[in-house]
Every structure is written in structure tokens, then in C-alpha cells.
Amino acid sequence: MITFIFKKKRLSLLLILSITTAKAQWIKQNSGTDASFRSISAVNSKIVWAGGTKGTVLKTTDGGQQWQVLKVEGAEALDFRDIHGASAEVVYAMSAGDADKGAARIYKTTDGGKSWKIIYQTTEKGAFFDSFDFWNDKEGILIGDPIDEKPYILRTLDGENWQRIPKEKLPAIKPKEASFASSGTCVNTRSKKLAWINTQSRVFYTTDKGETWQVAETPFKQGETSGIFGLHFYTDKDGIATGGDYKDDKIVSDNVAITHDGGKTWALAAQAKPDGLKESSWVLSDKSLLVVGTSGTGLSADMGKKWKAVDTEAFHAISCYKNDCWTIGAKGNLAKWKK
């Protein structure tokens, strides 16, 4: 009897320990740089790219065990606010900044980052790139700050040449409406022709690779420093919008909205914990929802009905391949998800 009680207690203790050690959390990785990052792109479970300040690009080919710090020649003053890895060799990097000051550029490498070339640059006054995404390794779409009361949307169909989508094909922009160049997730593409682009309070969407567009209102309110910061569609119909206020990034506010009809209508989820700004999200294979921002990381097992605060660590962007996820933020702050 005494032996049975001892075994039972030991079993309970082991169960508690296993639950504790299996706690979902971010595990810090050594980025090897103090540059700040707002973009990350997981090609698969081994190959991941990230873009940051000082013309810095990070690369791993072993799932994050080691990271290579790459400096893009001629881009030392640029901030790569978005990056798209097509493979270990082919990568696109987008810099955000005033075009008339030479900061609006798209770079491409086809040799894994050994050499880079500018495949698009504009000096048009008012142009400012915010985010881009790709349907495949050659076809992509980019959103910038509005010009002439219309969205500024660029598209490439060959991975080299970019053209602005004609203004007459696009809905009008509201006064002071724009996107935030904060997490590289203001544009989301899926399948062969679908794309969604967010401003502070609305989502523009296309079902034919940018030939025609519709626009939907969301519950987020348009603000100079507040609104939607990023999108993530995990099916062709189901998507997540995350947001908040970057100047008051810990305030209790609506920070997650969900659509189940391809972006036509949106409904608020419960406010993600910890309270405050959420900039980027991902839905894992077990359908749990992971969100990050400068207020911390939140996890929901029921698609936004209830939330668990994972931590209060500040991150800007997240990218996953299946359940292998990475997140990144200021001063080289980099981590991998462990569940």
C-alpha cells in the first residue's frame, strides 16, 4: 500500500513536469546582429530568411541552428521591411522609405545572397513601399502608400519587371487611408490568383491576380497610428486580421478580427492577450492561432474565443512552415516556437 502511494505520487510529479516542460513558448536564437527586423519568411522547416535595417538580411538553412548575416551592398542605409524567400537561392527584399530619397527599392538574389541586384526602384514623390507577397517564385504583388487618391499597387508576372496596376481598376482611397509597413504582412496571397491587402480599416481583395478589385469594411477603426497591421489567410476563405495602436501599444483594444468568406465580411474575435498591439499572426496545423506584437505573444486554441498570454516579449513578424515558426523584432530579437 505504501509502495502504491509512492508510485502514484511519483507518477503525478512526472505528469506535472511533463506539462511544464511542454509549455508552448518562444526559444531565443542567436541572430548575430543588432539590426532591427520587421520581416521574416520561412521557405520550409530548414530555410528561413529575414530582412532588417542597415541593409541586413538573415539566412538559415538548418532550421535556425545557425544564422548567416548578409549585408546587401549599396543598401546600407535601407530598411528591408518585407522579404520573400522562394528557395535557398532565390529571395526578394523590399525596402521601405521615401522614394524621392532613394529608399523605395526591390532587390533580388538568385545565388543565396552572395550578390544582389535592384529589380525595381522608383523616385516618384509620395511613393513608400509597405509590404509585398508572392503567388509563386516569379509572380508577386506589392502595396505602397496611396498616390492620386488610389492605392499604389505594383505587380510582377516574371519576377523581374514591376508595373503599377492602373488606377482606374482600383477603388478609391479614403482621406488619410494607408497601410502600415510594420510586419511585412499587409499583403497576403493564396492559390494562383487570390490576394488581400489591408489599410487601417479596410481590406482590398482580388480573385484574378489583380485585374479586378473589391473592398470590404472591417470592425477596425482607421487611425493615424492605429488599425489593421497585418493579414494571414490559412485557407482561401478563412483569414485573420491583427492590429492595435503602435503609439499606445499596451492599451486594451480590439486587436483580432476573423473572416470566413474570403474577406467579404469581418467579425471581431475576443481581444488577444496580453492586451495591446498585435502585428502578425499564423494558424498552426492543429488550428491554434498564434499572434505577436510589441505587447507580447498570444495563443488561442479555439480560433480567438479564448486567449492565453504566452509572454510580453516584443516581436513584429511571424512566419511558419507547418508547425515550425519563427518570430523577429528589434535589435536582432529572434526566436523559434516550441510547443
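Everything below is about the structure shown above.
Now for a description of the structure that goes with this document.

The rules behind these values
Residues numbered from 1 in each chain as written. Predicted model: local features only at pLDDT ≥ 70, side-chain atom pairs only at ≥ 80, totals over all residues. Heavy atoms only, no water. Buried < 20%, exposed > 50% of the residue type's maximum accessible area, 1.4 Å probe, protein only. Helix = DSSP H or I, 4+ residues; strand = E, 2+ residues; numbered from the N terminus. Pairing = 2+ DSSP bridges. 1 Å grid on protein atoms, 1.4 Å probe; cavity = no way out; pocket = protein on both sides within 12 Å on 5 of 7 lines; lining within 4 Å. Points joined across faces, edges and corners; volume = space filled by probe spheres on them. Nonpolar A, V, L, I, M, F, W, Y, C, P; charged D, E, K, R; others polar. Phe/Tyr/Trp six-rings, centres within 6.5 Å; stacked < 30°, edge-to-face > 60°. Disulfide = S-S within 2.5 Å. Axes fitted to C-alpha atoms, helices over the stretch in contact; angles between N-to-C directions. Salt bridge = Lys/Arg side-chain N within 4 Å of Asp/Glu carboxyl O.

Digging into the pairing of strand E7 (residues 91-95)
Inference 1: Where burial is concerned, most of E7 is hidden: five out of the five residues are buried.
Inference 2: On E7, burial covers both faces: Val91, Ala93 and Ser95 on one face and Tyr92 and Met94 on the other are all buried.
Inference 3: As defined by bridge partners, strand E6 (residues 80-85) adjoins E7 across five bridges and the pair is classed as antiparallel. Among the inter-strand pairings, His84 is bridged to a residue of E7, identified as Tyr92.
Inference 4: Hairpin connection from E6 to E7: five residues lie between these consecutive antiparallel strands.
Inference 5: Across five bridges, the pairing between E7 and strand E8 (residues 105-109) is antiparallel. Bridge pairing in E8 links Val91 to Thr109.

Quick word on empty space enclosed by the protein
Inference 1: The full count for this structure, using the stated rule, is one cavity of 30 Å³ or more.
Inference 2: Volume-wise, the largest cavity comes out at about 30 Å³.
Inference 3: Along its surface, the largest cavity is lined by Ile143, Gly144, Pro146, Pro151, Ile173, Ala178, Ser179 and Thr199.
Inference 4: Considering every element that reaches the lining of the largest cavity, the biggest residue donor is strand E11 (residues 140-147), with three residues.
Inference 5: The residue inventory of the lining of the largest cavity, partitioned by class, reads five nonpolar, three polar and no charged.

Focus: the pairing of strand E28 (residues 334-338)
Inference 1: Bridge count between strand E1 (residues 25-29) and E28: five bridges; the pairing is antiparallel. Bridging from a neighbouring strand, Trp26 pairs with Trp337 of E28.
Inference 2: The sheet contact formed by strand E27 (residues 324-328) and E28 spans three bridges and is antiparallel. Looking at E28, one finds that Trp326 is bridged to Lys336.

Here's the deal with the packing of aromatic side chains
What characterises a pair of aromatic rings is the spacing of the ring centres plus the angle enclosed by the ring planes.
Inference 1: Taken as a whole, this structure holds 13 aromatic pairs when the rule is applied.
Inference 2: Residues Phe80 and Tyr107 carry aromatic rings whose centres are separated by 5.7 Å and whose planes lie at 85° to one another, so their mutual orientation is edge-to-face. Taken together, the positions of Phe80 in strand E6 and Tyr107 in strand E8 put the pair 27 residues apart, joining distant regions of the chain.
Inference 3: Between Phe129 and Tyr152, the aromatic rings sit 6.4 Å apart at their centres with planes inclined by 25°, giving stacked as the arrangement. One end of the pair, Phe129, is in strand E10 (residues 129-134); the other, Tyr152, is in strand E12 (residues 150-156), with 23 residues separating them in the sequence.

Some details on the state of the cysteines
Inference 1: Tallying each qualifying case throughout the model produces one disulfide.
Inference 2: The disulfide partner of Cys320 is Cys325, and the S-S distance across this bridge is 2.1 Å. Between Cys320 and Cys325 the sulfur-sulfur dihedral comes to about 110°; the bridge is accordingly right-handed.
Inference 3: For Cys320, a relative accessible area of 5% corresponds to the buried category.
Inference 4: The class for Cys325 is buried, based on a relative accessible area of 0%.
Inference 5: Cysteine Cys186 shares no disulfide, and the gap to the nearest cysteine sulfur, in Cys320, comes to 18 Å.

Details of the layout of surface pockets
Inference 1: In this model, the largest pocket occupies a volume close to 770 Å³.
Inference 2: Lining the largest pocket are 37 residues, and of these Asp133, Asn188, Trp282, Ser319 and Cys320 lie nearest its centre.
Inference 3: Where the lining of the largest pocket is concerned, the elements lending two or more residues are strand E2 (37-42), E6, E10, strand E14 (187-190), strand E18 (226-233), strand E22 (280-283) and strand E26 (317-321).
Inference 4: When residues of the lining of the largest pocket are assigned to their parent elements, the largest contribution, five residues, is made by E26.

Some details on the sheet that holds strand E20 (residues 256-259)
Inference 1: Strand order in the open sheet formed by four strands is E18-E19-E20-E21, and the pairing between neighbours is antiparallel. Edge strands, defined here as strands with exactly one partner in the open sheet, are E18 and strand E21 (267-268).
Inference 2: Here E20 runs beside E21; their pairing, made up of two bridges, is antiparallel. Looking at E21, one finds that Ile258 is bridged to Ala267.

Remarks on the sheet that holds strand E3 (residues 48-52)
Inference 1: The four strands lie next to each other as E2-E3-E4-E5, forming an open sheet whose pairing is antiparallel. Whereas interior strands pair on both sides, the edge strands pair on one side only; in this sheet they are E2 and strand E5 (68-71). Neighbour-to-neighbour, the strand axes of this sheet turn through a mean angle of 20°, independent of strand direction.

Observations concerning the pattern of salt bridges
Inference 1: Enumeration according to the criterion identifies 18 salt bridges in this entry.
Inference 2: Among the ionic pairs, Arg155 bridges to Glu211, the shortest N-O distance being 2.9 Å. Taken together, the residues span a long stretch of sequence, with Arg155 in strand E12 and Glu211 in the loop between strand E16 (202-206) and strand E17 (214-217) at a distance of 56 residues.
Inference 3: Its relative accessible area of 16% is what places Arg155 among the buried residues.
Inference 4: Via salt bridges that share partners, Lys108, Lys117 and Glu160 belong to a single interconnected network.

Worth remembering: the numbers are spatial, not functional.
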